[in-house]
Amino acid sequence: MTAERFDPSVADRRWQAAWDEARCFEADSNSAKPKSYVLEMFPYPSGRIHIGHVRNYTMGDVLARYRRMRGDEVLHPMGWDAFGMPAENAAMEKGVHPAGWTYDNIATMKGQLKQLGFALDWSREFATCDPSYYGHEQALFVDLYEAGLVYRKESEVNWDPVDMTVLANEQVIDGKGWRSGAEVEKRKLNQWFLKITDFAEDLLDGLDTLDGWPDKVRTMQTNWIGKSQGLEFRFVGTNFDETIEVYTTRPDTIFGASFVAVAADHPIARAVADTSAEAADFIALCKKGGTTAAELETAEKLGLDTGLKVAHPFTGAELPVYIANFVLMDYGTGAIMAVPGHDQRDFEFATKYGLPIPRVVAASAEEAGKPFAGEAESGDGVLVNSDFLSGMDVEAAKTEVIARAEAEGWGKGTTVWRLRDWGVSRQRYWGTPIPFIHCDGCGVVSVPKDQLPVVLPEDVDFSVPGNPLLRHPTWKNTTCPKCGGAAERETDTLDTFVNSSWYFLRFASQPADKPFDAAEVAQWMPVDQYIGGIEHAILHLLYARFWTRALARTGHLEVQEPFASLFTQGMVTHEVYSRQDGPRELYFTPAEVERTGNGASLKADGGPVTIGKVVKMSKSKKNVVDPEDIIRDYGADAVRWFMLSDSPPERDLPWSEAGIEGCGRFVQRLWRLFGRYDAAATGEDKALARKTHQTIAAVAEDIEALAFNKAVARLYELTSAAEKAAPSASRNHAIRSLLLMASPMMPHLAEEAWHAMGESGLVADAAWPEVDPALLVEDEVTIAVQHMGKLRDTLTAPKGASKDDLEALALASANVQRSIDGKPIRKVIVVPDRLVNIVT
RNA sequence: GCCCCUGUGGCGGAAUUGGUAGACGCGCUCGACUCAAAAUCGAGUUUCUUACGAAGUGCCGGUUCGAGUCCGGCCAGGGGUACCA
């Protein structure tokens, strides 16, 4: 006899303990079975698990459990992306130590993940802030340095002149510092860089091999890497004694150039500023504001005429030289030839400063004089008003200009990449210390490997803004490993994206004395299925691909691509609640807010709060929901089922409470059905047997495609069919199959019912049900009958009926005849097993 | 600004990839059971129309015997934009 109701508050813990005890989910690196590495992006320990995590890890868990049922040795690990800014913010706001705050959060969140019953190999858990992890990272960083992949250069940061500290882009709001409210400036610092551009071509080519990745991610990375062919050439000064190197991707439009523009920190601009106060002021003005591309691109186009003139290489005409705030020193040569007719930024600039806007490309030669309709035309066409280029198409003209420039010796065709080297310096405490020492005599010296890890000091002060490592009284004082003299440690720490660029290798193998064992890593890599948010489509995934290649080049690895298949889940979204407090926006969690009609108020003080847009749940906006309450009320299986139902996993999921209750009811409904399993029942139910086998095949296909919402719908259908069926051997088979198919999704219920059915062992170790291919095909099909493409009737026909038979059946329909109304039939289209369309 | 994605009933979505639009679930309505409620079970649920039927997949246009699906042009929302993770 089984209990009336399934009680998750007892069953969840019972089976979680049973899995732990049996060590079901610990991966064996020496197994003879086929390997399967299933990985979800590890979480930042922000405090508590949120719904987005639950969705992500439930998907991975279903796949991991399914692959185990299919006989694979599965590696499904979990750990913590534990360095980052929120820990320092907590230290400043609450006076807690970043380490204590982080490890407390990890303990809480690990407990929450355990409550969800995930099939994780906890024996491999680590946090990136463990010195045993970041110490190995320091060693790898030194290896990359020795391979010439690490260097230092000056680079701009967001500088808060009041707090005297570097701000993250996120901390710059409308050009002002988030705490001080001061206007942010760009400031140059000497920083550490990784030579990702060395691998630009390879990272681009590698995308073609990643068949298991979504096309949209490959497209985004392709555009990000941004390979472009163009022309680099010199303009010669006519009233000054220098040349200006420019780069353009549109050499075909060279006859449309009406001015030249240089970046504010271009050497020409600086030289002009030396003698012109006006230019110096303008350059200072360009320093205002933050460093993000979005900010630079949308800022008002500003320029200053330097008075310098250069000669057009073909016409000899004099063009003015401007300093412009929209030209970037980092891209190309830091100077451009501006063609206002065919580049929108140049168009806006020329309009503002009254510069000519000639047309050199048109839809046809006849439209050579057509005026512009208020914006630049960057599309294809035929060259006009362009001397020897007139009449050519854009591609031919590009080739011709490059050929002439090279023949005449004033320019050359070049490839330029949008991708820039990866700046990894952070002027912060809670990150991996960069393992280098600055010595007055020896310069920059790496810390010898036997002195690693360089450990963060624990006694740090967060009462004032700025980098605590820089002002720590003793930490940076050390001796030079080369000369033994007094020297200082580097106080910058590494970007946290470095931590997440190799954690999947450490999960596969974690010896104490080195980052990983090459042979053991080779057992598991590449990751067979990587699952994470679409927001990581570019940065994290590109950095991890680069780091893997860099480790391959330095002899640590064989594999080039870390992630064979990628699935990008949609984000869980929720509206944002906030209130203005001076210069700062204060955010509130949905739990702190009372939603009333179309308004909202804060529970604590009853005052109104502003309802913002529905956006991805994030710690900084506090629009997060705590899953623990729902687990307590409905059990882990209902929550897991809810995460998989309805919304396609790649799509955003707007969070709502509605629906979870239905999932709780379905858990009980399944439990009742499982209770009706009757070992003594005999007899066959052909229709149910067919439905069962069709479902097994379809659910397997859906899970492999990560189409969980479709698998769920099919399980509902089979449940309904089995409920309506009379007891029989076929029904027993349906029930048993249903239990096994549901087990990756509702593992606790499945174990409990399996046990109640008298089965021995764990469902977690059971095999996926077999399919009888003979039962997959239907012998009758429904045919749609259309007249002029409109549905007039449906009819039933044997599968595989001939075209003539179907046509005859269709014409025999009274509905069809009425619709045709005696008109002559011109054509009949028959799609076998699907439809007949009659055209009159 | 630029790159990428998404848009289908009251809601989440399905549609064998050009072939019956709305599977399945949520919600709602009605009914059964009950003294009553919960739970459970059954029926209904795109819109308009008394009906025949017509319209309908963000908007406008195109290709096709046939378009949610393909093409062109828009609109709206979201993600990324190199120091949020």
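Everything below is about the structure printed above this text.
A few points on the structure.

Here is what the cut-offs are and how they apply
- Residues numbered from 1 in each chain as written.
- Chains lettered and ligands numbered in written order.
- Predicted model: local features only at pLDDT ≥ 70, side-chain atom pairs only at ≥ 80, totals over all residues.
- Heavy atoms only, no water.
- Helix = DSSP H or I, 4+ residues; strand = E, 2+ residues; numbered from the N terminus.
- Buried < 20%, exposed > 50% of the residue type's maximum accessible area, 1.4 Å probe, protein only.
- Contact = heavy atoms within 4.5 Å.
- Areas by Shrake-Rupley, 256 points an atom, 1.4 Å probe, with all protein chains shown as cover.
- Near = heavy atom within 4 Å.
- Polar contact = N/O pair within 3.5 Å; in protein donor to acceptor, adjacent residues only side chain to side chain.
- Nonpolar A, V, L, I, M, F, W, Y, C, P; charged D, E, K, R; others polar.
- Axes fitted to C-alpha atoms, helices over the stretch in contact; angles between N-to-C directions.
- Parallel < 35°, antiparallel > 145°, perpendicular 65-115°, else oblique.
- Left-handed = near helix turned anticlockwise from the far one by under 90°.
- Pairing = 2+ DSSP bridges.
- Core = buried A, V, L, I, M, F, W, Y, C linked by side-chain atoms within 4.5 Å.
- 1 Å grid on protein atoms, 1.4 Å probe; cavity = no way out; pocket = protein on both sides within 12 Å on 5 of 7 lines; lining within 4 Å.
- Points joined across faces, edges and corners; volume = space filled by probe spheres on them.
- Domains from an automatic or database assignment.

With that settled, consider the overall build of chain A. Secondary structure assignment for chain A yields 26 helices and 35 strands. Principal axes of the C-alpha set define a box for chain A whose edges measure 100 × 85 × 60 Å. Considering chain A as a whole, with its 840 residues, one finds that 52% of them fall into the buried category. Long-range contacts, defined as pairs at least 24 residues apart, comprise 71% of the intrachain contacts of chain A with a sequence gap of at least 6. If you sum the accessible surface of chain A, you get close to 36900 Å²; carbon and sulfur atoms cover 50% of it.

Our next topic: the protein's contact with RNA strand B. Neighbouring RNA strand B are 69 residues; Asn 169, Arg 428, Lys 613, Arg 834 and Asn 837 lie closest to it. For RNA strand B, the backbone portion of the atoms within 4 Å of the protein, that is sugar and phosphate, comes to 63%. Side-chain polar atom of Ser 647 to a sugar or linking oxygen of RNA strand B: 2.8 Å apart, as the coordinates give it. In the environment of RNA strand B, a phosphate oxygen lies 3.5 Å from a nitrogen or oxygen atom belonging to the side chain of Lys 790. A per-element tally of the surface near RNA strand B places helix H22 (residues 708-724) first, with six residues. Residue composition of the surface near RNA strand B, grouped by class: 26 nonpolar, 19 polar and 24 charged.

Another point: the packing of helix H6 (residues 200-207) against helix H17 (residues 539-553). It is the contact of H6 with H17, at a shortest axis distance of 11 Å, that shows an interaxial angle of 115°. The orientation of H6 with respect to H17, classified from their angle, is roughly perpendicular. For the crossing formed where H6 meets H17, the hand is right-handed. Within the contact between the two elements, H6 uses Asp 202, Leu 203, Gly 206 and Leu 207 and H17 uses Leu 542, Arg 545, Phe 546 and Arg 549. Here the contact of H6 with H17 is built from residues that sort into four nonpolar, one polar and three charged.

Within a regular strand, side chains alternate between the sheet's two faces. When strand S8 (residues 227-237) meets strand S16 (residues 411-417), the two strands line up antiparallel, connected through seven bridges. Each residue of the ladder has a partner; that of Gln 229, found in S16, is Thr 415. In the sheet, S8 pairs with strand S9 (residues 243-248) via six bridges, with the strands oriented antiparallel. Considered in S9, the bridge of Val 236 is made with Thr 243. Once S8 ends, the chain turns through five residues before running back antiparallel as S9. As paired strands, S8 and strand S11 (residues 303-311) are joined by two bridges and run antiparallel to one another. The residue of S11 that forms the bridge with Gly 237 is Val 310.

This part covers the pairing of strand S35 (residues 835-839). Among the five residues of S35, four are classified as buried, and the element is accordingly described as predominantly covered. Here four bridges tie strand S32 (residues 780-787) to S35, and the two strands are oriented parallel to one another. Opposite Ala 784, over in S35, you have Leu 835 as the bridge partner. The pairing of strand S34 (residues 827-831) with S35 spans five bridges and is classified as antiparallel. When the sheet's bridge partners are listed, Val 830 is paired in S35 with Val 836.

If you walk across this open sheet you meet the four strands as S4-S3-S7-S17, and the pairing is antiparallel. The sheet is open, and its two edges are formed by strand S4 (165-167) and strand S17 (422-423), each paired on a single side. Pairing analysis gives three bridges linking strand S3 (residues 150-160) to S4, with the strands arranged antiparallel. Within S4, the position partnered with Asn 158 by the bridge is Leu 167. Against the sheet, helix H5 (residues 131-146) engages S3 and strand S7 (185-194), with an angle of about 90° to S7.

Within the element layout of this structure, Val 667 appears in helix H20 (residues 660-675). For the pair Val 667 and Pro 43, spaced 624 residues apart in the sequence, the C-alpha separation amounts to 28 Å. The contacts of Val 667, once residues within four sequence positions are left out, are Phe 6, Asp 637, Ala 638, Met 746 and Leu 749.

Moving on, we come to the nonpolar core. Among the nonpolar cores identified, the biggest contains 108 residues, and Trp 655, Phe 674, Ile 703, Met 745 and Trp 768 are the most heavily contacted of them. A total of nine residues in this core trace back to one element, the largest contributor, which is helix H2 (residues 51-69). With residues up to four places along the chain from it excluded, the contact list for Trp 768 reads Tyr 66, Met 69, Arg 70, Ile 696, Val 699, Ala 700, Ile 703, Leu 740, Met 741 and Pro 744. Counting 58 residues, the second-largest nonpolar core is a separate cluster that includes Trp 192, Phe 436, Phe 507 and Val 521.

Moving on, we get to the sheet that holds strand S1 (residues 35-40). Backbone hydrogen bonds hold the strands of a sheet together, and the pairing may be parallel or antiparallel. The strand order across the open sheet formed by four strands is S2-S1-S24-S25, and the pairing between neighbours is parallel. Each end of this open sheet is capped by a strand with a single partner; those strands are strand S2 (73-75) and strand S25 (566-569). Each strand of the sheet is rotated relative to its neighbour by a mean of 20°, with strand direction disregarded. Bridging between S1 and S2 involves three bridges; their strand directions are parallel. When the bridges of S2 are listed, Ser 36 appears paired with Val 74.

The next subject is the packing of helix H23 (residues 729-742) against helix H24 (residues 747-756). Where H23 meets H24, the axes come as close as 8 Å, and the angle between the chain directions of the two elements is 145°. Crossing handedness for the pair H23 and H24: left-handed. Judged by residue contacts, Arg 736, Leu 739 and Leu 740 of H23 engage Ala 750, Ala 753 and Trp 754 from H24. A per-class count over the contact of H23 with H24 returns five nonpolar, no polar and one charged.

Moving on, we get to empty space enclosed by the protein. Across all of its chains, the model carries two cavities of 30 Å³ or more by this definition. Looking at the lining of the largest cavity, the elements with two or more residues in it are helix H3 (85-94), S4 and helix H13 (468-471). When residues of the lining of the largest cavity are assigned to their parent elements, the largest contribution, four residues, is made by H3. Across the lining of the largest cavity, the residue classes break down as nine nonpolar, six polar and six charged. Here the lining of the largest cavity gathers at least three residues from each of two domains, domain 1 (34-127 + 504-569) and domain 2 (134-200 + 422-468 + 478-496). Size it by volume and the second largest cavity reaches roughly 70 Å³. Surrounding the second largest cavity, Phe 25, Arg 65, Arg 68, Met 69, Ser 743, Pro 744, Pro 747, Glu 751, Val 763 and Ala 764 form its lining. Looking at the lining of the second largest cavity, the elements that each hand over two or more residues are H2 and H24. Counting residues per element, the lining of the second largest cavity draws most heavily on H2, at three residues.

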